[in-house]
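# Examining the three-dimensional arrangement
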Amino acid sequence: MVSREHKKAAQHEKLQLLRSITNSHALSNASIILDASKYIEELKQKVERVNGDIANAQSSTHDQYSTFPVVTVETLEKGFLIKAFSEKSCPGLLVSFLEAFEDLGLNVLEARVSCEDSFRLQAVGEENEEQGESMDAQAVKQALLLSIKNWSETSGQQD
């Protein structure tokens, strides 16, 4: 008998806790459970909305940055292998890259470029021997990323 009363008291306590969590004003057990069920459905809808908002934010961020070229710079025995790619055509970007090469004192020994539907650049450059300082691949990459940033600001490529 004590066990049954103890279970009933525990169940009542749990229902009251459920009632307070769900902000229910119901008095009967069935109404408290119904209010809790509605509360859970509302929470599910909120989670779906938040997940949708997150997906939209990630999609717009991806769209914004997918238009920017990806740049890689590898160190060769003498010089650098520079690769750049963008899914979109980037009018004027080649000029910005060439200006960056000139500012860095890099001589372009060989280059392949496609600017029609997408932008692709593969170039081999070596340091101008007249400049006493040697540079590393990271410095070249940073200079090219800066030239992309300047190009995007001047050409209105930011969406």
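Note that the coordinates shown come from a computational prediction; the quantities given were computed from them, not determined experimentally.

Further remarks concern the overall build of the protein chain. Scanning the protein chain for helices and strands turns up four helices and four strands. Element order for the protein chain, N to C, with α for helix and β for strand: α-α-β-β-α-β-β-α. Within the protein chain, buried positions represent 25% of all 159 residues. Within the protein chain, counting contacts between residues at least 6 apart in sequence, those at least 24 apart form 52% of the total. Element-wise, carbon and sulfur atoms account for 52% of the exposed surface of the protein chain, whose accessible area totals about 11500 Å².

Before going further, it helps to spend a moment on the packing of helix α3 (residues 93-104) against helix α4 (residues 137-155). Following both chains from N to C, one finds α3 and α4 inclined at 140°, their axes separated by 9 Å at the closest point. Accordingly, the angle class assigned to the pair α3 and α4 is oblique. For the element pair α3 and α4, the recorded crossing hand is right-handed. Side by side, α3 and α4 meet where Leu93, Ser96, Phe97, Ala100, Phe101 and Leu104 of the first sit next to Val140, Ala143, Leu144, Ser147, Ile148 and Trp151 of the second. The class makeup of the residues in the contact of α3 with α4 is ten nonpolar, two polar and no charged.

Looking now at the sheet that holds strand β4 (residues 119-127). What the four strands build is an open sheet, ordered β1-β2-β4-β3; its pairing is antiparallel. At either margin of the open sheet sits one strand with a lone partner, and together these are β1 (70-76) and β3 (106-114). Between one strand axis and the next, the sheet turns through 15° on average, direction left out of account. In this sheet, β4 lies alongside β3 in antiparallel orientation, the contact comprising eight bridges. In the sheet register, Asn107 faces β4, and the bridge partner there is Glu126. Sheet strands touched by α3: β1, β2 (79-86), β3 and β4. Its angle to β4, the strand with the most contacts, is close to 10°. In the packing of α4 onto the sheet, the strands contacted are β1, β2 and β3, and the crossing angle to β1 comes to about 155°.

Here we come to the environment of Ser134. As for its position among the elements, Ser134 is in the loop between β4 and α4. Overall, the relative accessible area of 64% leaves Ser134 in the exposed class.

Parameters at a glance
- Residues numbered from 1 in each chain as written.
- Predicted model: local features only at pLDDT ≥ 70, side-chain atom pairs only at ≥ 80, totals over all residues.
- Heavy atoms only, no water.
- Helix = DSSP H or I, 4+ residues; strand = E, 2+ residues; numbered from the N terminus.
- Buried < 20%, exposed > 50% of the residue type's maximum accessible area, 1.4 Å probe, protein only.
- Contact = heavy atoms within 4.5 Å.
- Areas by Shrake-Rupley, 256 points an atom, 1.4 Å probe, with all protein chains shown as cover.
- Axes fitted to C-alpha atoms, helices over the stretch in contact; angles between N-to-C directions.
- Parallel < 35°, antiparallel > 145°, perpendicular 65-115°, else oblique.
- Left-handed = near helix turned anticlockwise from the far one by under 90°.
- Nonpolar A, V, L, I, M, F, W, Y, C, P; charged D, E, K, R; others polar.
- Pairing = 2+ DSSP bridges.

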